[in-house]
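A structural walkthrough
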Amino acid sequence: MKYYSTNKQVPLSSLKDAVLKGLADDNGLYMPEKIPQLSKEFFATIRTKTFQEISLEVATALFGEDVDAKSLREIVYGALDFEIPLVKVTDSIYSLELFHGPTLAFKDVGARFLARMMQHFTQDEQREANVLVATSGDTGSAVANGFLGVDGITVTVLYPKGLVSKIQESQFTTLGKNIRAIEVEGTFDDCQRLVKQAFLDKELNQKLTLTSANSINLARFIPQAFYYFWGYAQMPQGSNVVISVPSGNFGNLMAGLLAKRMGLPVKHFVAANNANDVFLEYLQTAKFNPRASVATIANAMDVGNPSNFVRIMDLYGSEHAKVVADISGYRYSNAQITETMQRVYSETKYMLDPHGACAYEGLQEYLKTDKSAKGFFIETAHPAKFKETVDKILNADIEIPAKLQAFMRGQKQSTAMSSKFEDFKAYLLR
Ligand SMILES: *Cc1c(COP(=O)(O)O)cnc(C)c1O
């Protein structure tokens, strides 16, 4: 399988090059040249399969030409070795809990898969690979932990000073080994800009092998498609399934749309946002106006210029009518997120985190317009990852899982930096 850039200014690329580059030379994002279709038989037996079995079949359809069967099996089974339960919350709403991995957030899926895929493709290289990652919180921890101890790869995490929670920060600043953290004087968008600029810098690219682990890397977003098949397979048989996704950079939703194109019979998607609502605005007006992000209590979704928007446009040939036929959008203020968390907790005892709360509410609102459907939302993080916020809202004292406590006991090691590109470049060349 070959991969093209969404900007279509460079030749087709192999899987290896696309994974190691992250971003194409024309600044576009890689997309698979063909979208494979899964067989009738796959869907007929999907309910009898485990998550790993489903994932391997989907992965083989996509990557089977380029990664030998034994390696692909090791990558899939190694990356996806934790539970992803579908939990019933109300008669029509289920939660796909993607927070049972090592950092208790859904990004573990993509990051662990990517780390293994990169290692597969770099194991014979002489030069050390440098993974650069900008994070608003959860990406950094998932990527750092996904790559921790992986030979031949150094990870540099950039995060906005003071804008990620203590718990999140501890998950990528305390690891040591091949992981380094930079605390940037600025916002998440500044961090993302620094990383993007580094990839375009000639000198850096001559001297270093730079690669990306943000959701722009296709080996991060594509494995996220696997759990859409799995979630679907756990729903009551015969349901018309609607899936709601709490969205920031839209890698997660993009993976769901890919699953649908591969044949997964999803009836509709909901894109749930916090106050950062450029995608909702696109759905309503057909115009896309990226802008600076604003800070909210669902901070992993504080993105003003979603990087995967171009992939969604590419998948739909930029036809607005087709996009709105598949996706509805909703936006929630901090007050609405708070109200949803309190209501759902008091009515069902289910504890939502602020991101999952956006998705829950969006699903509930959408289901009012389609009584024949049921749905699940993607619960992207364990509520304890946002303990201060969640405790205050629910008037609770959530227990911090042992996995998180272990991070919090570590010693913070990070480098303070301005948001100037020259400073970042000098650091990388040092
Ligand atoms: C990253 C993240 C999101 C947003 O996912 P995208 O793929 O960027 O849209 C939502 N919730 C949590 C907890 C996250 O960490």
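Scroll up to find the structure this text is about.
Residues numbered from 1 in each chain as written. Predicted model: local features only at pLDDT ≥ 70, side-chain atom pairs only at ≥ 80, totals over all residues. Heavy atoms only, no water.

A few words now on the site of the ligand. Looking at the ligand, there are 15 residues lining it, with Lys107, Gly248, Asn249, Phe250 and Thr380 nearest. Here Gly248 contributes a backbone N or O atom positioned 2.7 Å from an oxygen atom of the ligand. A distance of 2.8 Å separates an oxygen atom of the ligand from a polar backbone atom of Asn249. Here the ligand occupies the largest cavity. Residues belonging to the shell around the ligand are distributed by class as follows: six nonpolar, seven polar and two charged. (Near = heavy atom within 4 Å. Polar contact = N/O pair within 3.5 Å; in protein donor to acceptor, adjacent residues only side chain to side chain. 1 Å grid on protein atoms, 1.4 Å probe; cavity = no way out; pocket = protein on both sides within 12 Å on 5 of 7 lines; lining within 4 Å. Sits in = over half its atoms within 2 Å of the grid points. Nonpolar A, V, L, I, M, F, W, Y, C, P; charged D, E, K, R; others polar.)

The next point concerns the side chain of Thr296. With respect to the helices, strands and loops of the structure, Thr296 is situated in the loop between helix H13 (278-285) and helix H14 (309-315). Of note is the side chain of Thr296, whose polar atom sits 2.9 Å from the side chain of Asn274. Of the polar contacts made by the side chain of Thr296, one reaches the backbone nitrogen of Ala298; its length is 3.0 Å. Apart from the residues lying within four places of it in its own chain, the contact partners of Thr296 are Asn274, Ala275, Asn276, Asp302 and Asn334. (Helix = DSSP H or I, 4+ residues; strand = E, 2+ residues; numbered from the N terminus. Contact = heavy atoms within 4.5 Å.)

Once that is clear, we can look at the side chain of Ser328. Following the sequence through the fold, Ser328 ends up in strand E11 (residues 327-331). On the accessibility criterion, Ser328 (19% relative accessible area) is buried. Other than its neighbours up to four places away in sequence, Ser328 contacts His268, Phe269, Val270, Ala271, Leu283 and Tyr366. (Buried < 20%, exposed > 50% of the residue type's maximum accessible area, 1.4 Å probe, protein only.)

One non-glycine residue with positive phi stands out, namely Leu104, at about 60°. Locating Leu104 in the fold gives a position in the loop between strand E4 (93-97) and helix H5 (107-122). On the accessibility criterion, Leu104 (4% relative accessible area) is buried. In this structure, Lys349 is a non-glycine residue whose phi angle is positive, near 70°. Summarising the element assignment, Lys349 is placed in the loop between helix H16 (334-348) and helix H17 (354-367).

Read across the open sheet, the six strands follow the order E3-E4-E12-E9-E10-E11; overall the sheet is mixed. If you trace the sheet from one side to the other, it starts and ends with strand E3 (86-88) and E11, each paired once. Ignoring which end each strand starts from, the neighbouring axes of this sheet average 25° apart. Both strand E9 (residues 240-246) and strand E10 (residues 266-273) contribute to a ladder of six bridges, which runs parallel. Bridging across to E10, Pro246 finds its partner in Ala272. (Pairing = 2+ DSSP bridges. Axes fitted to C-alpha atoms, helices over the stretch in contact; angles between N-to-C directions.)

Attention now goes to the layout of surface pockets. The gaps of empty space that remain are located by a probe, the size of a water molecule, rolled over the atoms. Considering only enclosed or pocket space, the largest pocket measures out at about 510 Å³ in volume. Those elements that place two or more of their residues in the lining of the largest pocket are helix H7 (166-173) and helix H18 (387-394). The element that contributes the greatest number of residues to the lining of the largest pocket is H18, accounting for four residues. Within the lining of the largest pocket, the residues separate by chemical class into ten nonpolar, eight polar and six charged. Lining the second largest pocket are Leu20, Lys21, Leu23, Ala24, Asp25, Arg127, Phe199, Leu200, Asn205, Leu208, Thr209 and Leu210. Counting only elements with at least two residues in the lining of the second largest pocket, the list comes to helix H1 (15-21), helix H8 (188-200) and strand E8 (209-212). A per-class count over the lining of the second largest pocket returns seven nonpolar, two polar and three charged. (Points joined across faces, edges and corners; volume = space filled by probe spheres on them.)

Listed as buried for H13 are Val278, Phe279, Leu280, Tyr282 and Leu283. Lining the buried residues of H13 we find E10, H14, helix H15 (320-326) and E11. One or two residues past the end of H13 sits Ala286, with phi positive at roughly 65°.

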